[in-house]
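Here's the letter readout for the chains.
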Amino acid sequence: MVRNIQEEFTEKLTRALGAEFSLRWERNSKGVVTGWCRLHDHRHITTVALIVASLGGRVITITAYKTKDDQQRDSHEIAYHFDLDGCTCTVTIEVPGDSGKVNSITPILKSADWTERELQELYGIKVVGHPNPKRLFLDDTIDEGIMNDFIPLSIAMQGATSKTLWEKVLAATSQEGEVK
Amino acid sequence: MSTYTIPVGPLHVALEEPMYFRVEVEGETIVGLELTAGHVHRGIEYLAMKRNIYQNLTLLERVCSLCSNNHPFTYCMALEKIAGIQIPERAEYLRVIADEIKRIASHLFNIAMLAHIIGFDSLFMHVMELREIVQDIKETIYGNRMDLAANCIGGVRYDLSEEKIKYLARQLDNLKKPLEEITRIYMNNKFVRARTEGVGILPKDEALRYGVVGPVARGSGINNDVRVKSPYAAYDKLKVNVQVETGCDVKARALVRLREIQEAINIIQHCLKEIPDGPTCIDYLPEIPAGEAVAKSEAPRGELIYYLRTNGSDIPERIKWRVPTYMNWEALKVMMPGNKVADIPLIINSIDPCISCTER
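Residues numbered from 1 in each chain as written. Chains lettered and ligands numbered in written order. Predicted model: local features only at pLDDT ≥ 70, side-chain atom pairs only at ≥ 80, totals over all residues. Heavy atoms only, no water.

By the naming in an unreviewed UniProt entry, chain B goes by Carbon monoxide-induced hydrogenase and is assigned to Carboxydothermus pertinax.

The name an unreviewed UniProt entry assigns to chain A is NADH dehydrogenase, from the organism Carboxydothermus pertinax.

Next comes the structure, spelled out in structure tokens:
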């Protein structure tokens, strides 16, 4: 019998968390199954990580993003993308607004290492218990949580399409005009 | 014996891109490794959330040069999932063809670099000459040697005429014999073997623990080819023979790439025979509703994933992608210890690192 990893995952999750989550599976026209799960309590992510590890799964990546909570306040959510034998299951949690801290799953799943470090520095979310929490990409002089800030596009592109560029273009075209 | 620390990089003759390795050695033997990244972090993820979904197609093709086709390809698949777009069948085949051509060129480049690093420069030139055939194919069909601009939302932006199909088939035939010859050298030549066998070992259990992907995983006996595990485009209709080696060393990873080139040629030839007639793209500019999707593809270096959130406007709420090399860096900490200082560039090259891709 072919092992159905989605069923095993659902069963283990139900046993561990009861009704503390929502989960649905989607199947596309090519037969590829994708899972979407939401945990009611962010602390349960370590339980999910243990289940993924027991099924021989891995972390593909983790996405943090800014969103609005029920009261329209700025908040963060984190989507963990797990691989279960080729099937991608995305597990989403809400980061508590008062502490901004979540538990690290790197001690359970090594494949979460870099991506947890990255979301920590880009969004300023504290990942508690990470074995190597130092900066990954950003220099220490850059403030944590840079992805939460608004930076105008022209500055983000380091002036590549700023006024200076257009001045050069206009200067060049006016010179062409003079030659004629 | 006393321990020394050797800095390798961020600028180093054997690395095309900057990465800093702090290597601990005892005599000539490596005992530890620390990595420092971030030298070419360009904030492309941030930029992508400031532009509209159509502009991002162009931006994302520029994340990386060697796997440039996979970025817009996978991004389009994520958008199409959210909008519920079914692309024409001919477009599915054309997407596969573009992707496999890029895979051949990318793998040949890595194979060539291996020869260069071990000082076998005549072999390096030989492989690069072969790669030139693939570069010609790209230039003839797509008008460009690196960024193909083949994908658009709902299909592809190019088509193959009968004449071009004949040309492509002929050029692929020209690749076959020299490729066999090169594969034999990588398998049997005593100098190549002396430098690559038993070097940079990544055992299967460690490969699983670190979650490595692509030829690095397949060189350690893990079959995780996205084309087979979760098929997309026309891969569900094509037979892909996954190339797995169990040597776990630099040589195994090189052989996986060489065999994948052969396999890619077969796949393209099969596509050229089977490709159905019809349109190559949907005939309207789609509106993307609010939603979220993940899309995956097998880039030359392994699994590439895109996660996309939209809110009904044309500016994406969040785009996140994870490139294959991202997962493979930490595994160097397993591959390096026990090897000689002279093997450092060779082992780094064996993961086919793409740094601008990793840091975005």
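Now that the structure has been shown, we can carry on.
**Comments concerning empty space enclosed by the protein**
Heads up, the condition is: Both cavities and pockets are sets of points on a 1 Å grid over the protein atoms alone; in a cavity a 1.4 Å probe fits but cannot get out, in a pocket the set is open with protein on both sides within 12 Å along at least five of seven lines, and lining residues sit with an atom within 4 Å of a point. Grid points are joined across faces, edges and corners, and a volume is the space filled by probe spheres set on the points. Runs of E in the DSSP output that reach at least two residues are strands. Runs of H or I that reach at least four are helices, and both are numbered from the N terminus. Put simply, Ala, Val, Leu, Ile, Met, Phe, Trp, Tyr, Cys and Pro go in the nonpolar bin, Asp, Glu, Lys and Arg in the charged bin, and everything else, Gly too, in the polar bin.
Tallied over the entire structure, the rule returns two cavities of 30 Å³ or more. Size it by volume and the largest cavity reaches roughly 70 Å³. Every residue along the wall of the largest cavity is listed here: Lys 110, Ser 111, Ala 112, Asp 113 and Trp 114 of chain A together with Tyr 210, Tyr 326, Met 327 and Glu 330 of chain B. Of all elements in the fold, only helix 3 (113-123) of chain A together with helix 12 (324-328) of chain B reach the threshold of two or more residues within the lining of the largest cavity. When the residues that make up the lining of the largest cavity are grouped by side-chain class, the tally is five nonpolar, one polar and three charged. In this structure, the second largest cavity occupies an estimated 50 Å³ of space. Lining the second largest cavity we find Ile 62, Thr 63, Ala 64, Thr 115, Glu 118, Leu 119, Leu 122 and Tyr 123 of chain A together with Glu 45, Arg 318 and Lys 320 of chain B. Breaking the lining of the second largest cavity down by element, the ones donating at least two residues are strand 3 (58-68) and helix 3 of chain A together with strand 8 (318-322) of chain B. Among the residues forming the lining of the second largest cavity, the class breakdown is five nonpolar, two polar and four charged.

**Let's talk about the nonpolar core**
Worth spelling out the cut-off: For our purposes a nonpolar core is just a set of buried Ala, Val, Leu, Ile, Met, Phe, Trp, Tyr and Cys residues, chained together by side-chain atoms within 4.5 Å. The cut-offs for exposure are 20% and 50% of the maximum accessible area for each residue type, with area from a 1.4 Å probe on protein chains only; residues under the lower value are buried, those over the upper are exposed, and the others partly exposed. Contact definition: two residues touch when any of their heavy atoms are within 4.5 Å.
Counting residues in each nonpolar core, the largest one holds 128 residues, and the members touching the most others are Phe 21, Ile 97, Ile 104, Tyr 158, Leu 168, Tyr 186 and Leu 332 of chain B. Broken down by element, the residue count for this core peaks at 16 residues, all from helix 4 (residues 89-117) of chain B. Setting aside its immediate chain neighbours within four residues, Tyr 158 of chain B contacts Leu 94, Ile 97, Ala 98, Ile 141, Tyr 142, Ala 150 and Thr 280 of chain B. Core analysis: the next-biggest nonpolar cluster, separate from the first, contains 37 residues, Ile 5, Phe 9, Leu 55 and Tyr 80 of chain A among them.

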